[in-house]
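Here is what each chain is made of, one letter per residue.
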Amino acid sequence: MENFLKHKGLVAPLDRADVDTDAIIPKQFLKSVEKTGFGKYLFDTWRYLDRGEPGMDCTDRPINRDFVLNIERYRDATILLTRGNFGCGSSREHAPWALIEYGFHALIAPSFADIFYNNCFKNGLLPITLDDDVIEKLFHEVEEMPGYKLTIDLEKQIVHSPASSIIEFDIELSRRQALMEGIDEIGMTLKYRKIIKKYEVARQLEAPWLYPELS
Amino acid sequence: MTMAGQTLYDKLWETHVVHSNVDGTSLIYIDRHLLHEVTSPQAFSGLRLSKHDVWRRSSNLAVPDHNVPTTDGDENATDPFSALQIEKLDENCSDFGITKFGLNDPRQGIVHVMGPEQGATLPGMTVVCGDSHTSTHGAFGTLAFGIGTSEVEHVLATQCLIQKKMKNMQIRVDGELDPAVTPKDLILYIIGKITTSGGRGHAIEFGGEAIRVLSMEGRMTICNMAIEAGARAALMAVDQATIDYLQGRPFAPTRGMWEKAVHSWRKLKSDENAYFDTIHHFDAASIEPQVTWGTSPEMVVPVGSSVPDPADESDITKRAGMERALDYMGLKPGTPISEINPDKVFIGSCTNSRIEDLMAAAEIVRGRKVADSIKQAMVVPGSGLVKQEAESRGLDKVFTEAGFEWRNSGCSMCLGMNADRLEPKERCASTSNRNFEGRQGHLGRTHLVSPVMAAAAAVAGKFIDVRKWNYH
């Protein structure tokens with residue numbers, strides 16, 4: 001996982017609300033035991049005109065020319081601008097894996113679904129939540145200006161738009177830190193090993209039926 | 001001023017905090033971890049890579065369900081990708097000493113059917129699984145929610161998760177449902193009202209007269225679909241029905257321990273003066289059988305009405321979404337729901353594959369035939385044990401004589417990861433939980449309904465109001 005400090009990148013506008021994780025990465029591609037290999041199937045049903053299958057070579061597949069990521073000016077986008085409740089539905093972490101492998105570093109939307117939002121941070125993908133009116137303005141600017149890029153400064157929690165306006169965003173301290181420093185969460189939690197053990201001992205006295213292996 | 005009391009969620013949260021961090025997140029202890037073949041292999045690889053062991057083996061319980069075949073003697077016909085995932089689950093569970101119910105074990109089933117059925121889900125527990133429908137288990141007064149694969153690895157290695165406390169939402173449903181209106185109709189109706197993002201950031205506690213009279217199966221159906229309203233977790237207070245359901249189940253406490261547990265479980269409800277950040281009230285009596293018409297569970301209407309017109313929607317993004325959904329579904333605004341003809345019927349999934357669902361559906365089809373226009377109608381019991389019980393009641397005969405296929409347990413056509421799926425443009429009356437584009441098969445069209453509505457659609461060849469059904 002790459003540490004996220006600053007990122008400047010081309011923005012692609014995906015003008016749909018409630019984009020679900022089935023759309024981000026369809027279920028047939030979940031039959032993998034790896035964390036890689038999902039990028040070329042990102043938004044598979046929307047990107048291609050045929051039915052995608054795992055392991056498929058995508059170079060000669062018929063593409064849907066109307067889909068935003070297939071439009072020339074958005075080809076190398078690294079920031080996805082979208083609508084509310086992005087990432088709803090299934091908990092599949094394959095969704096952020098696919099977005100990252102495709103080349104996205106950040107997502108900007110009025111809201112994200114809870115499980116998806118959480119999964120993003122585990123993988124170095126930054127989901128930025130902004131107010132509806134700001135999102136509306138950004139959609140307008142992207143549309144008007146080919147080559148529209150945004151610069152994201154995670155430490156300062158700001159987004160610079162080419163119109164040199166500065167947009168602030170909120171993010172929890174621990175999540176920001178996790179992205180900036182690439183924290184090993186399991187390693188961090190295991191530092192509390194003794195406290196966890198202590199919890200278990202106390203809980204076992206209170207609710208021994210939860211620990212049948214010890215009775 | 002008196003202090004507000006605690007909600008059930010507050011109580012469960014407080015009991016499981018191992019450590020609180022300064023930024024408002026907490027380390028939460030996980031009592032039960034359920035695993036399946038699709039979201040766990042990368043987590044086990046992670047454990048191996050970092051040389052971590054499983055913290056507490058007995059907390060974990062695994063079962064293959066997502067891509068298992070549902071026809072007999074089909075194990076070898078499974079596609080190589082699915083077969084590898086099932087094999088990996090076997091290998092990982094065996095290497096790390098985790099209990100697993102394999103393909104030929106009658107206890108195998110959909111993870112959210114199997115867990116409660118085994119008594120592996122108990123009141124007062126925290127239950128997690130790498131699957132969003134883990135909210136199902138909240139029906140037992142349990143704090144249960146879906147997690148991603150990184151968190152699966154985190155739980156395996158540490159028995160804990162780093163979480164931020166959610167807000168509290170109460171959904172109170174008063175009054176009485178019509179006998180033919182089911183918990184599925186109720187939850188679809190609620191999602192239609194509060195939308196698919198209405199519960200975001202909240203744990204939803206369902207309560208009120210209409211919830212209290214429900215069986216545990218019905219309660220599970222409602223909690224199951226809380227995630228379709230955007231809430232990771234759903235909760236319901238413990239009562240006698242919860243306790244009766246659990247007594248004698250394999251993983252439930254026994255003898256002296258049972259009384260002690262029950263005594264503690266009875267406290268698992270919100271205080272009278274508990275504070276909820278958001279409250280919704282609904283009246284059960286006014287709810288009709290529901291049918292989804294679009295590609296999001298919130299796109300739902302009563303069976304007696306028509307496909308809505310996007311022109312009536314003032315929000316531009318919503319209107320565009322409705323237009324796309326109608327185009328995808330091959331429907332025109334104003335079409336009566338009763339004039340929609342499904343090609344296939346699917347009765348199953350973690351929402352509606354329990355014995356009560358199958359019994360209710362069987363009463364609709366008993367002595368009748370699936371309409372000629374239906375290409376395929378299938379019943380997929382939620383577990384091997386549900387299947388056995390259904391067979392002991394003769395339900396398999398009722399279904400097969402009517403022309404339904406009687407399958408083995410698994411997630412099946414709810415998400416079409418195995419061979420059970422829709423072909424492009426095929427329309428399905430489905431008791432599952434998601435009508436997303438392509439969910440049941442590439443370009444397939446899903447209408448979410450209750451088991452009795454699906455059964456009636458199979459017989460009639462179109463959606464009809466089961467309240468008017470003439471039972472034999």
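## Quick look at the overall build of chain A
Argument step 1. Per the secondary structure count, chain A includes eight helices and seven strands.
Argument step 2. With respect to the three principal axes, the spread of C-alpha positions in chain A is 65 × 40 × 25 Å.
Argument step 3. With 215 residues in all, chain A has 58% of them scored as buried.
Argument step 4. Here the analysis covers contacts within chain A between residues at least 6 apart in sequence; of these, 63% occur between residues at least 24 apart.

## Focus on the sheet that holds strand 9 (residues 167-174) of chain B
Strands pair in a sheet through their backbones, by hydrogen bonds, and they do so in one of two ways: parallel or antiparallel.
Residues and elements named next belong to chain B.
Argument step 1. As summarised here, the arrangement of the four strands in space is 11-10-9-12, forming an open sheet in which the pairing is parallel. Only two strands of the sheet have a single neighbouring strand rather than two, namely strand 11 (233-235) and strand 12 (278-283). Within the sheet, the average angular offset between the axes of one strand and its neighbour, ignoring direction, is 20°.
Argument step 2. Along the sheet, helix 1 (residues 8-16) contacts strand 9, strand 10 (202-207) and strand 11; its crossing angle with strand 11, the most-contacted strand, is approximately 115°.

## Considering the interface of chain A and chain B
Argument step 1. Tallying the contact residues gives 59 residues for chain A and 79 residues for chain B.
Argument step 2. When chain A packs against chain B, the two sides together hide about 5,700 Å² of surface, and 58% of this comes from carbon and sulfur.
Argument step 3. It is K31, V33 and W209 of chain A that lose the most area in chain A upon contact with chain B, and together they represent 15% of the buried surface on that side.
Argument step 4. Counting across the chain A and chain B interface gives six salt bridges.

## Things to note about the domain arrangement of chain A
Argument step 1. Once the domains are mapped, chain A shows domain 1 (6-183) and domain 2 (184-215).
Argument step 2. Between domain 1 of chain A and domain 2 of chain A, the C-alpha centre-to-centre distance is 37 Å.

## Some points on the sheet that holds strand 5 (residues 99-100) of chain B
Residue and element names in this part refer to chain B.
Argument step 1. Ordered in space as 5-4-3-6-7, the five strands form an open sheet in which the pairing is parallel. Both edges of this open sheet fall to strand 5 and strand 7 (143-146), since each of them pairs with a single strand only.
Argument step 2. Of the strand pairs in this sheet, strand 4 (residues 60-62) and strand 5 are connected by two bridges, and their pairing is parallel. Its bridge partner lying in strand 5, L61 is registered against T99.

## Side note on the environment of P308 of chain B
Residue and element names in this part refer to chain B.
Argument step 1. Looking at the secondary structure, you find P308 in the loop between strand 14 (300-302) and helix 11 (316-329).
Argument step 2. The partly exposed category is assigned to P308, whose relative accessible area is 22%.
Argument step 3. Along the backbone, P308 and P381 are 73 residues apart, and their C-alpha atoms lie at a distance of 33 Å.
Argument step 4. Setting aside its immediate chain neighbours within four residues, P308 contacts W293, V301, M322, L326 and P333.

## Regarding the packing of aromatic side chains
Each aromatic ring pair is specified by the distance between its two centres and by the angle formed by the two planes.
Argument step 1. For the structure shown, the criterion picks out 20 aromatic pairs over all chains.
Argument step 2. Arranged with centres 6.4 Å apart and planes meeting at 25°, the rings of F112 of chain A and F116 of chain A form a pair that is stacked.
Argument step 3. Centroid distance F399 of chain B to F404 of chain B: 5.4 Å. Interplanar angle 75°. Geometry classified as edge-to-face.
Argument step 4. Members of the aromatic cluster, connected to one another through ring pairs, are F86, F112, F116, Y117 and F121 of chain A.
Argument step 5. Between R83 of chain A and the ring centre of F139 of chain A, over which it is positioned, the NZ or CZ distance is 3.9 Å.

## Some words on the pairing of strand 3 (residues 32-35) of chain B
All names here are of chain B.
Argument step 1. Residues R32 and L34 of strand 3 are buried on one face, and the alternating residues H33 and L35, pointing to the opposite face, are buried as well.
Argument step 2. When strand 3 meets strand 6 (residues 126-129), the two strands line up parallel, connected through three bridges. Among the inter-strand pairings, L34 is bridged to a residue of strand 6, identified as C129.
Argument step 3. Inspection of the sheet shows strand 3 paired to strand 4 by three bridges, in the parallel sense. Paired with L34 across the two strands is L61, which belongs to strand 4.
Argument step 4. Between the parallel pair strand 3 and strand 4, the chain is carried across by helix 2 (residues 41-50), and the sense of this crossover is right-handed.

Here is what the cut-offs are and how they apply
Residues numbered from 1 in each chain as written. Chains lettered and ligands numbered in written order. Predicted model: local features only at pLDDT ≥ 70, side-chain atom pairs only at ≥ 80, totals over all residues. Heavy atoms only, no water. Helix = DSSP H or I, 4+ residues; strand = E, 2+ residues; numbered from the N terminus. Buried < 20%, exposed > 50% of the residue type's maximum accessible area, 1.4 Å probe, protein only. Contact = heavy atoms within 4.5 Å. Pairing = 2+ DSSP bridges. Axes fitted to C-alpha atoms, helices over the stretch in contact; angles between N-to-C directions. Buried area = accessible area lost by both parts, 1.4 Å probe. Salt bridge = Lys/Arg side-chain N within 4 Å of Asp/Glu carboxyl O. Domains from an automatic or database assignment. Phe/Tyr/Trp six-rings, centres within 6.5 Å; stacked < 30°, edge-to-face > 60°. Lys NZ or Arg CZ within 6 Å of the ring centre and 35° of its normal. Right-handed = clockwise from strand over helix to strand, strands pointing away.

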